[in-house]
Amino acid sequence: MSSATDDPRPDSAPRPEPARVRDLGGDRRPFARVFTGLAAAGVTVFIVQELITGSTPTWVAVVTLGGTAAWVAGVLLPSRWDRARAVLFVTAAVCGSLVACGTQVLGFIPAIGAIGGLVRRPHRRVIMGLATAALSLVLLGLSALLFPYPVQLISSVAALIIVVLISLSRRQYLAAERQERLLLEERLAVEQERAEVAALAERSRIARDIHDVLAHSLGGLVLQLDAVEALLESGRHDEAHRRVTAARGLAAEGLEEARRAVDALRDPETAADPAAAIQQLIDTHRSLGARAELHQSGQPGPLDPAAAGALRRAAQEVLSNARRHAPGMPTELSLDWTPSDVAFRASTGLASSATAGLGGMGGGRGLVGLSERMAALGGTATAGVQDHAFVVEAHLPRARTG
C-alpha cells in the first residue's frame, strides 16, 4: 500500500497514514454488509432447496456454498488482512463462475460481488481485479459447456461486464476522494508548520525587544549605582545624590520603555517618530554624564512603523554599549533620508582600553538581534571598528518589502 507523504518536520509527531482513506472501498460500509448478508442468505436458501429437490448436483451446491462463504468472509475481514481478503474474493469469483449456468445465475452473485470488491479498491492494483474478471469469463465458458443454457451464459457475461464498468467508475471516484484527503492533510500540515514558524519568529522578536529594554535601562542603572557607591566611599555625598537622582530618572525611563514595548506587542502599527525617539534616548544618555549628538540629512517623512521601531532599537543598543564599553567617549548618530530608504549611522570613539570591548560586541545578542531585525524588514546592518571608532550602520526601506 502507498503511504502518505513523509512529514518534513523532524521534531514533530509522524503524520499517520490516512486510515479512513484506505478503508474507502464500498464493502466496508454497513449498507454493503447488509446487502452481502441478504444476497448470501438468498443464494444459500435457493441452493439448499435445489439440493433437497435433487434439481442441482451435489458438487454444484458445495461449490456454490463455498464461494458464497468465501465472499462473506472477505467482506467481513478487517482491512489489515487485505491479502487474505483478496484470496477469498478470488476464490468466490472462481466458484461462482463455475456454477453460474447451473444455478440460474444466482450462484454467480458472490462472484460478481467479489470481482467488484477487487476492482473498485483504490489501494489495489487494478490489474488484479481485471485479471480475475478475465478468469471469470473463461470459467463462464466452461460452465456453459457443463450446463448448456445460452440465456444464463449471456446474462452472466452481461452482469460481469456491467459490474466491472461500475466498479472501475467507483474506483476512479474513490481514488479522487483519497487524493483530495491526502491534499487536505498536506495543506493542514503546511498550515501548522507555517504557524509554528510564525510563533518562533514572534518569540525571537519579543526576545530582542526584552533584551533591548533590559540592556538599556538596567545596564545604565548598574553603572550609576557603581558610581554612587564609589562617591559615597569617598565622602562626595552631593554628587552621589545627583547620581541617585539620575538613576531614578533612568529607572523611570526604563519603566516607560517597557510599557512602550508592551504597547508595541499589542499594536505593532503604533510607532513614534524615529528622530524624536532617538533624541529622547540621547537626552537620557546625556543625563548619565555621557556625550551624544544626532544629525539628520535629507527630507524626513513617513516610515513603516516596524522600521521606525527598529531604528529606535538600533540607537538604544548603540548608546547602551557606549556607556558600558566606552564611558566618556562621544557618540555621533545620524539619519540620512532618501525617497526610498533611510540610512542610520552611529560612531562611538574608542579609547585604547575600549577597543577590545567594543570590537568584541559582535558576539553579543544585542547586535545580532539588530541584524536580524533589519534583515526581517528588508534592510541590512553592519558593525565594526573603523578609524579608531566603533561604527554601526543600517539601511532600511521606508515601506516594508515583504
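Residues numbered from 1 in each chain as written. Predicted model: local features only at pLDDT ≥ 70, side-chain atom pairs only at ≥ 80, totals over all residues. Heavy atoms only, no water.

Caption draft 1: Up close: the overall build of the chain. Assigned secondary structure in the chain consists of 12 helices and five strands. Taken across its 402 residues, the chain has 42% of its residues classed as buried. Put simply, of all contacts in the chain between residues at least 6 apart along the chain, 70% involve residues at least 24 apart. For the chain, the accessible surface area stands at approximately 21,200 Å², while carbon and sulfur atoms represent 62% of it. (Helix = DSSP H or I, 4+ residues; strand = E, 2+ residues; numbered from the N terminus. Buried < 20%, exposed > 50% of the residue type's maximum accessible area, 1.4 Å probe, protein only. Contact = heavy atoms within 4.5 Å. Areas by Shrake-Rupley, 256 points an atom, 1.4 Å probe, with all protein chains shown as cover.)

Caption draft 2: View of the packing of helix α3 (residues 58-76) against helix α4 (residues 82-98). Two numbers describe how α3 lies on α4: the axes approach to 8 Å, and their chain directions differ by 150°. The angle between α3 and α4 falls in the class roughly antiparallel. Where α3 crosses over α4, the handedness of that crossing is left-handed. Where α3 abuts α4, its residues V63, G67, A70, W71, A73, G74 and V75 lie against R85, L88, F89, T91, A92 and C95. Classifying every residue of the contact of α3 with α4 by side-chain character gives nine nonpolar, three polar and one charged. (Axes fitted to C-alpha atoms, helices over the stretch in contact; angles between N-to-C directions. Parallel < 35°, antiparallel > 145°, perpendicular 65-115°, else oblique. Left-handed = near helix turned anticlockwise from the far one by under 90°. Nonpolar A, V, L, I, M, F, W, Y, C, P; charged D, E, K, R; others polar.)

Caption draft 3: How the structure looks around the sheet that holds strand β4 (residues 380-385). Pairing is mixed across the open sheet formed by five strands, whose spatial order is β1-β2-β3-β5-β4. The open sheet has two edge strands with one neighbour each: β1 (292-297) and β4. Direction aside, the axes of adjacent strands within the sheet are offset by 10° on average. One ladder, built from six bridges, connects β1 with strand β2 (residues 331-337); its direction is parallel. For L294, the partnering residue across the bridge sits in β2 and is L333. Those strands touched by helix α9 (residues 274-287) are β1, β2 and β3 (341-349), and its axis lies near 165° from that of β1. Along the sheet, helix α10 (residues 305-325) makes contact with β1, β2, β3 and β5 (389-397), crossing β3 at roughly 5°. (Pairing = 2+ DSSP bridges.)

Caption draft 4: Spotlight on the confidence of the model for the chain. For the chain, per-residue confidence averages 78 on the pLDDT scale, and 78% of positions sit at 70 or higher. Highest mean pLDDT in the chain belongs to β2 (93); lowest belongs to helix α1 (residues 19-22) (42). Under a pLDDT of 50 for its full length, residues 267-271 has, in the predicted model, four contacts with residues more than four places off or in other chains. Counting interchain partners and residues more than four positions distant, the pLDDT-below-50 stretch residues 359-364 has eight contacts. (pLDDT = per-residue confidence, 0-100.)

Caption draft 5: Layout of the pairing of β3. Summarising burial for β3: seven of the nine residues are buried, a large majority. In terms of strand pairing, β2 meets β3 through seven bridges, oriented antiparallel. For L335, the partnering residue across the bridge sits in β3 and is F344. In this structure, the hairpin formed by β2 and β3 is closed by a connection of three residues. As judged from the nine bridges shared by β3 and β5, these two strands associate in the antiparallel manner.

Caption draft 6: Main features of the pattern of salt bridges. One pass over the structure, following the stated rule, counts four salt bridges. One salt bridge connects E293 with R286, and the closest N-O pair in it is separated by 3.0 Å. Take R286: its relative accessible area is 35%, and that puts it in the partly exposed class. One salt bridge connects R345 with E393, and the closest N-O pair in it is separated by 3.1 Å. Separated by 48 residues along the polypeptide, R345 in strand β3 and E393 in strand β5 bring together distant segments of the chain. Looking at R345, the relative accessible area reads 34%, which means it is partly exposed. For E393, a relative accessible area of 25% puts it in the partly exposed group. (Salt bridge = Lys/Arg side-chain N within 4 Å of Asp/Glu carboxyl O.)

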